[in-house]
Amino acid sequence: MRDEAASRSAVDGQVEARLAGRLAQLREERGWSLDELAQRTGVSRSTLSRLERTEISPTAALLNRLCAAYGRTMSQLLAEVEEEPPQLVRAGQQMVWRDEGSGFTRRSVSPPHPGLRGELVEALLRPGADISYDRPPVPGLEQHVWVLEGVLEITAGGGVHEIRAGDCLRFRLWDRSRFRCPGPDPVRYALMIVLP
């Protein structure tokens, strides 16, 4: 059990290091200074600097702001830091990313792949988790949310939707969104993302 936790921690550390490097690379490709990126995202320069140096782990909300600035979905960004993804993605090879602070766990079941516009994510929010995104990473992003267990509240497209086990909400995302687990149990859901 201890070896498994240590192994998972080492893999998570490698993913975070590759993610930090990719974020720095994206900023440099655009010729943006940390100050300019801070202005574009509303994230402080010091936070961005610490993130690129792997001194802090990104939250879901922070990654969403960066993805919006770079015109990518979170899954696209995370796929860019993976090894070359195989066509068959075995359960043990699916990248898992955790935002412990907000209570969000995200498994990339079917990661982005060249030539494919869709991807599939399994997500888990613990009771009370409340994640707001100030804008979509890609305007017009199509999302299908299928709740597998628990209850999920989604605010999108000007409406608030309570989705229960077996329910599916589908929408195109143009503006702010919010994912909240009202509890009392965690919510597990599948998220299908389709690029416009």
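A brief structural summary. Keep in mind that this is a model prediction, so the values were computed, not measured.

Cut-off values and rules
Residues numbered from 1 in each chain as written. Predicted model: local features only at pLDDT ≥ 70, side-chain atom pairs only at ≥ 80, totals over all residues. Heavy atoms only, no water. Helix = DSSP H or I, 4+ residues; strand = E, 2+ residues; numbered from the N terminus. Buried < 20%, exposed > 50% of the residue type's maximum accessible area, 1.4 Å probe, protein only. Contact = heavy atoms within 4.5 Å. Areas by Shrake-Rupley, 256 points an atom, 1.4 Å probe, with all protein chains shown as cover. Pairing = 2+ DSSP bridges. Salt bridge = Lys/Arg side-chain N within 4 Å of Asp/Glu carboxyl O. Axes fitted to C-alpha atoms, helices over the stretch in contact; angles between N-to-C directions. Parallel < 35°, antiparallel > 145°, perpendicular 65-115°, else oblique. Left-handed = near helix turned anticlockwise from the far one by under 90°. Nonpolar A, V, L, I, M, F, W, Y, C, P; charged D, E, K, R; others polar. Core = buried A, V, L, I, M, F, W, Y, C linked by side-chain atoms within 4.5 Å.

## With respect to the overall build of the protein
Working step 1: On a plain count of helices and strands, the protein comes out with five helices and 10 strands.
Working step 2: Evaluated residue by residue, the protein yields a buried proportion of 45% over its 196 residues.
Working step 3: Considering only residue pairs separated by 6 or more positions, the protein has 66% of its internal contacts joining residues 24 or more positions apart.
Working step 4: When the accessible surface of the protein is totalled, it reaches about 10400 Å², and 49% of it is carbon and sulfur.

## Remarks on the pairing of strand S10 (residues 187–194)
Working step 1: Of all eight residues in S10, six are buried, a share of seventy percent or more.
Working step 2: As paired elements, strand S3 (residues 118–125) and S10 share eight bridges and run antiparallel to each other. Counterpart to Gly118 in the pairing with S10 is Val194.

## What to know about the pattern of salt bridges
Working step 1: Tallied over the entire structure, the rule returns 14 salt bridges.
Working step 2: A salt bridge links Arg107 to Glu122; its shortest N-O distance comes to 3.5 Å. Within this pair, whereas Arg107 is found in strand S2 (residues 104–110), its partner Glu122 is found in strand S3, the two being separated by 15 residues in sequence.
Working step 3: Among the residues examined, Glu122 registers a relative accessible area of 23% and is labelled partly exposed.
Working step 4: When salt bridges with common partners are traced through the structure, they connect Arg107, Glu122, Glu149 and Arg188 into a single cluster.

## Some remarks on the sheet that holds strand S8 (residues 168–173)
Working step 1: Across the sheet, which stays open at both edges, the six strands sit in the order S1-S2-S3-S10-S5-S8 with antiparallel pairing between neighbours. Whereas interior strands pair on both sides, the edge strands pair on one side only; in this sheet they are strand S1 (96–99) and S8. Recorded for the sheet is a direction-independent mean angle of 20° between the axes of neighbouring strands.
Working step 2: With four bridges joining them, S1 and S2 adopt antiparallel strand pairing. In the sheet register, Arg98 faces S2, and the bridge partner there is Thr105.

## Overview of the packing of helix H2 (residues 34–41) against helix H3 (residues 45–52)
Working step 1: Look at H2 against H3: their axes get within 9 Å of each other, and the N-to-C directions meet at 115°. The angle between H2 and H3 places the two elements in the roughly perpendicular class. Taken as a pair, H2 and H3 cross one another with a handedness that is right-handed. Facing Leu34, Asp35, Leu37, Ala38 and Thr41 of H2, the residues of H3 in contact are Arg45, Leu48, Ser49 and Glu52.
Working step 2: Each residue belonging to the contact of H2 with H3 can be placed in one class, and the counts come to four nonpolar, two polar and three charged.

## As for the sheet that holds strand S4 (residues 130–133)
Working step 1: The four strands lie next to each other as S4-S9-S6-S7, forming an open sheet whose pairing is antiparallel. What marks the edges here is a single partner per strand, and that holds for S4 and strand S7 (159–164). Neighbour to neighbour, the strand axes of the sheet diverge by 15° on average, direction disregarded.
Working step 2: As judged from the four bridges shared by S4 and strand S9 (residues 177–180), these two strands associate in the antiparallel manner. The residue of S9 that forms the bridge with Tyr133 is Ser177.

## A few points about the nonpolar core
Working step 1: Core analysis: the largest hydrophobic core is formed by 49 residues, its most contacted members being Phe104, Leu125, Leu152, Ile154 and Tyr189.
Working step 2: Residue contributions to this core peak at seven residues, all from helix H4 (residues 60–70).
Working step 3: Those residues within four positions of Leu125 in sequence are excluded, and the remaining contacts are Gly103, Phe104, Ile131, Leu152, Phe179, Arg180, Cys181, Pro186, Val187 and Tyr189.

## Considering the side chain of Gln143
Working step 1: Residue position: Gln143 is located in strand S5 (residues 141–149).
Working step 2: Classification of Gln143 as buried rests on a relative accessible area of 7%.
Working step 3: Discounting chain neighbours no more than four positions away, the residues touching Gln143 are Leu169, Arg170, Phe171, Leu173, Phe179, Leu191 and Met192.

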